[in-house]
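So the chains spell out like this:
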Amino acid sequence: MSTQSDYAAPKPSSGNLKLIVGVAFVVAVVGAIALDTTVVKIGSENDVRQQVFSPETFGAEQFPKILANVQERAVPAADLAAAIAADKKAAAEKYGTATSTGPVIPVTLTGTFGARKSNTNELKVDGLPPETVVRVQTGPAVNGTDLRDATGTIEFGQFTNQIQYQDAGSAINNEMKKSVFTGLDPETLDGKSATVVGVFKLINPKNWLVTPVKVEVK
């Protein structure tokens, strides 16, 4: 019979015990985070960067739609002038898109360009009363949001704030300039015949400030 004492395993020290508990806690926390984490692929629809509003992208997407809509709905200038003279309100409701500051109306005009002043060229339009002044925005600056508002499909509620809404209008104007003003020298338009398709806000029936979507110089 052996008289040697049985071997007893050493108990872990308090320091080692704390270390083991700490590691277990960290593993548990990391596991919980992993379960609550969604992996987002770069460039996917869940990528936050894809959700940031880009005026340039918006303008490039929307201008072709606006161009097609305006060309389809554009009213010959002489017919429009007669309708406005007969009943301005009825003409606005029939041909225009309502906005808070007046209806935006699509129109097609054929005439002769005149003097240039403040980013516009006057256009003497066939069939209009002589007292009706038509000016076409020919750049480089383009003012207003008539193109944005022309179709009635772009509304404030689609945007986060007023700044985005305004930026959208500016971006559409910039796309128009790329499409219409490229190769067009406004300094040489005086005396040239042209057909213009565009929109204007009906405020003063005798003063049309047209933002073009298409200009054909003959």
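Anything mentioned here points back to the structure above.
Residues numbered from 1 in each chain as written. Predicted model: local features only at pLDDT ≥ 70, side-chain atom pairs only at ≥ 80, totals over all residues. Heavy atoms only, no water.

Within the protein, the secondary structure is distributed over 7 helices and 6 strands. Written out in order from the N terminus, the α and β elements of the protein read α-α-α-β-α-α-β-β-β-α-α-β-β. Within the protein, buried positions represent 35% of all 218 residues. The contacts of the protein with a sequence gap of at least 6 include a subset with a gap of at least 24, amounting to 66%. (Helix = DSSP H or I, 4+ residues; strand = E, 2+ residues; numbered from the N terminus. Buried < 20%, exposed > 50% of the residue type's maximum accessible area, 1.4 Å probe, protein only. Contact = heavy atoms within 4.5 Å.)

Another point: the pattern of salt bridges. Inspection of every chain in the model, using the stated rule, returns 6 salt bridges. For Lys124, the salt bridge is made with Glu122, and the minimal N-O distance between the two is 3.0 Å. With a closest N to O distance of 2.9 Å, Asp149 and Arg148 form a salt bridge. When its relative accessible area of 9% is taken as the criterion, Asp149 is described as buried. Exposure remark for Arg148: the relative accessible area of 6% places this residue in the buried category. (Salt bridge = Lys/Arg side-chain N within 4 Å of Asp/Glu carboxyl O.)

Next up on the list: the side chain of Thr120. Note on placement: Thr120 falls in strand β3 (residues 120–125). Among all residues touching Thr120, those that are not within four sequence positions of it are Ala115, Arg135, Val136, Gln137, Thr138 and Leu209.

This paragraph deals with the side chain of Thr195. Within the secondary structure, Thr195 sits in strand β5 (residues 193–201). Since its relative accessible area comes to 17%, Thr195 is described here as buried. Polar contacts involving the side chain of Thr195 include one to the side chain of Thr110, which spans 3.2 Å. Sequence-distant contacts of Thr195, defined by excluding residues within four places in its chain, comprise Thr108, Leu109, Thr110, Lys214, Val215, Glu216 and Lys218. (Polar contact = N/O pair within 3.5 Å; in protein donor to acceptor, adjacent residues only side chain to side chain.)

Pairing of β3 with strand β4 (residues 133–137), which is carried by 3 bridges, proceeds in the antiparallel orientation. Among the inter-strand pairings, Glu122 is bridged to a residue of β4, identified as Arg135. Relative to strand β6 (residues 207–217), β4 runs parallel, the two being bridged by 4 bridges. Residue pairing for β6: Val133 is matched across the bridge by Asn207. (Pairing = 2+ DSSP bridges.)

Here the focus is the nonpolar core. Ranked by size, the top nonpolar core spans 45 residues in total, and within it Leu109 and Trp208 carry the most contacts. Setting aside residues no more than four positions away along its own chain, Trp208 makes contact with Ala77, Leu80, Ala81, Ile84, Val107, Leu109, Leu128, Thr132, Val133, Val134, Arg135 and Phe200. (Core = buried A, V, L, I, M, F, W, Y, C linked by side-chain atoms within 4.5 Å.)

Applying the stated criterion across every chain yields a total of 6 aromatic pairs. Here Phe53 and Phe159 contribute two aromatic rings whose centre-to-centre distance is 5.7 Å and whose plane-to-plane angle is 90 degrees, an arrangement assigned as edge-to-face. Of this pair, Phe53 sits in the loop between α2 (48–51) and α3 (55–73) while Phe159 sits in the loop between α6 (146–149) and α7 (162–180); the two residues are 106 residues apart in sequence, bridging distant segments of the chain. A centroid spacing of 5.5 Å and a plane angle of 70 degrees characterise the contact between Phe156 and Tyr165, whose relative ring orientation is edge-to-face. Given a relative accessible area of 40%, Phe156 falls into the partly exposed group. (Phe/Tyr/Trp six-rings, centres within 6.5 Å; stacked < 30°, edge-to-face > 60°.)

Time to look at helix α4 (residues 77–86). Helical geometry note: an α-helix holds 3.6 residues per turn, so side chains three or four residues apart project in the same direction. Within α4 the residues assigned to the buried category are Ala77, Leu80, Ala81 and Ile84. End-on view of α4: buried residues confined to an arc of 100 degrees, all on one side of the axis. Packed against the buried residues of α4 are β1 (75–76), α5 (88–95), β2 (104–117), β3, β5 and β6. (Arc of directions from axis to C-beta.)

With that out of the way, let us pick up the pairing of β3. The sheet contact formed by β2 and β3 spans 5 bridges and is antiparallel. By the bridge assignment, Lys117 is partnered in β3 with Thr120. Linking β2 to β3, which pair antiparallel, is a turn of 2 residues; within it Ser118 sits at a positive phi near 50 degrees.

Function-wise, these values are silent; they only describe arrangement.
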